[in-house]
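Each chain, written out:
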Amino acid sequence: METYIVNGVSIEYDTFDLVNMELFGTEVERLKDFADSIKGKTYETFADSVSDLREMCEGIKDFFDCVVGEGTSEKVFGTRVNALDMTQAYHNFVAEVSARMQNGFSAPVAPAMNREQRRAAEREQRRAEAKAKAEAKRRAE
């Protein structure tokens, strides 16, 4: 379980829980699809643009409630709907979780050998192979 700071609020999130990973991916795609649908859209009135922005903010609240747990959006954002705070918090959380996932799975399982150690291991392997060949040849004679 990891702790993330979202909009100044500390939240617990189990990044590597398989259900969480699946929900995270699905919900990120859902919001990305919505953002793509309004990208480059022209509005007749300012109110029309606010309507889409409000829908995006509701999507962000749904994202946090679905992915992290019911009530998280109210804990993180309160009752106000500040579009800038919400979009920044969403992008920061997604970036942090994504980086944690990438680093968690790319960490080496065993410590990497330096060049000298790797060459010594390769020489030892060649010695063992040569010894096995000589042994097999001697048995065959």
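Because the structure is a prediction, the values reported are computed rather than measured.

Engineer: Could you clarify how one ought to interpret the overall build of the protein in this entry?
Structural biologist: Each helix and strand counted, the protein has 5 helices and 2 strands in total. Counting from the amino terminus, the protein carries its helices and strands in the arrangement β-β-α-α-α-α-α. Taken over 141 residues, the protein has a buried fraction of 24%. When the accessible surface of the protein is summed, it comes to about 10,100 Å², and 52% of that surface belongs to carbon and sulfur atoms. Taking the average place of the 20 positive charges on the side chains of the protein and the average place of its 26 negative ones, the gap between the two points comes to 18 Å.

Engineer: Is there a simple way to think about unusual backbone geometry in this case?
Structural biologist: Leave glycine aside and you will find that most residues have negative phi; peptide bonds, for their part, are mostly trans. Positive phi values are uncommon outside glycine, yet Asn7 reaches one of about 55°. Tracing the sequence through the fold places Asn7 in the loop between β1 (2-6) and β2 (9-13). Judged by relative accessible area, Asn7 falls into the partly exposed class, the value being 35%.

Engineer: What is the right way to read the packing of helix α1 (residues 18-38) against helix α2 (residues 46-67) from this model?
Structural biologist: The geometry of a pair of packed helices is captured by two quantities: the angle between their axes and the separation between those axes. With their axes 10 Å apart at the nearest point, α1 and α2 run at an angle of 175° to one another. Judged by the angle between their axes, α1 and α2 are roughly antiparallel. Contacts between α1 and α2 involve Asn20, Leu23, Phe24, Glu27, Val28, Arg30, Leu31, Phe34, Ala35 and Ile38 on the former and, on the latter, Asp52, Glu55, Met56, Gly59, Ile60, Asp62, Phe63, Cys66 and Val67. Residue composition of the contact of α1 with α2, grouped by class: 12 nonpolar, 2 polar and 5 charged.

Engineer: How do you make sense of the nonpolar core when you look at a structure like this?
Structural biologist: Soluble, globular proteins show a tendency: their nonpolar side chains are buried together. Ranked by size, the top nonpolar core spans 25 residues in total, and within it Val6, Phe24, Ile60, Phe63, Phe64, Tyr90 and Phe93 carry the most contacts. Secondary structure elements with two or more residues in this core: β1, β2, α1, α2, α3 (72-77) and α4 (83-106). Sort the elements by how many residues they give to this core and α4 lands first, with 7 residues.

Engineer: Sorry if this is basic, but what is going on with the pattern of salt bridges here?
Structural biologist: Any two side chains of opposite charge can pair, on the condition that their charged atoms come close. The final tally for this structure, using the stated rule, is 8 salt bridges. Here Arg100 ties to Glu2 by a salt bridge, and the two come within 3.7 Å at their closest N and O atoms. Residue Arg100 is found in helix α4, and its partner Glu2 is found in strand β1; the two are separated by 98 residues along the sequence. The partner of Glu58 in a salt bridge is Lys61, with the nearest N and O atoms 3.7 Å apart. Note that Glu58 and Lys61 are positioned in helix α2 at a spacing of 3 residues, about one turn of the helix. Looking at Glu58, the relative accessible area reads 34%, which means it is partly exposed. Take Lys61: its relative accessible area is 21%, and that puts it in the partly exposed class.

Cut-offs and rules
Residues numbered from 1 in each chain as written. Predicted model: local features only at pLDDT ≥ 70, side-chain atom pairs only at ≥ 80, totals over all residues. Heavy atoms only, no water. Helix = DSSP H or I, 4+ residues; strand = E, 2+ residues; numbered from the N terminus. Buried < 20%, exposed > 50% of the residue type's maximum accessible area, 1.4 Å probe, protein only. Areas by Shrake-Rupley, 256 points an atom, 1.4 Å probe, with all protein chains shown as cover. Lys, Arg positive; Asp, Glu negative; His and termini not counted. Charge placed at Lys NZ, Arg CZ, Asp CG, Glu CD. Axes fitted to C-alpha atoms, helices over the stretch in contact; angles between N-to-C directions. Parallel < 35°, antiparallel > 145°, perpendicular 65-115°, else oblique. Contact = heavy atoms within 4.5 Å. Nonpolar A, V, L, I, M, F, W, Y, C, P; charged D, E, K, R; others polar. Core = buried A, V, L, I, M, F, W, Y, C linked by side-chain atoms within 4.5 Å. Salt bridge = Lys/Arg side-chain N within 4 Å of Asp/Glu carboxyl O.

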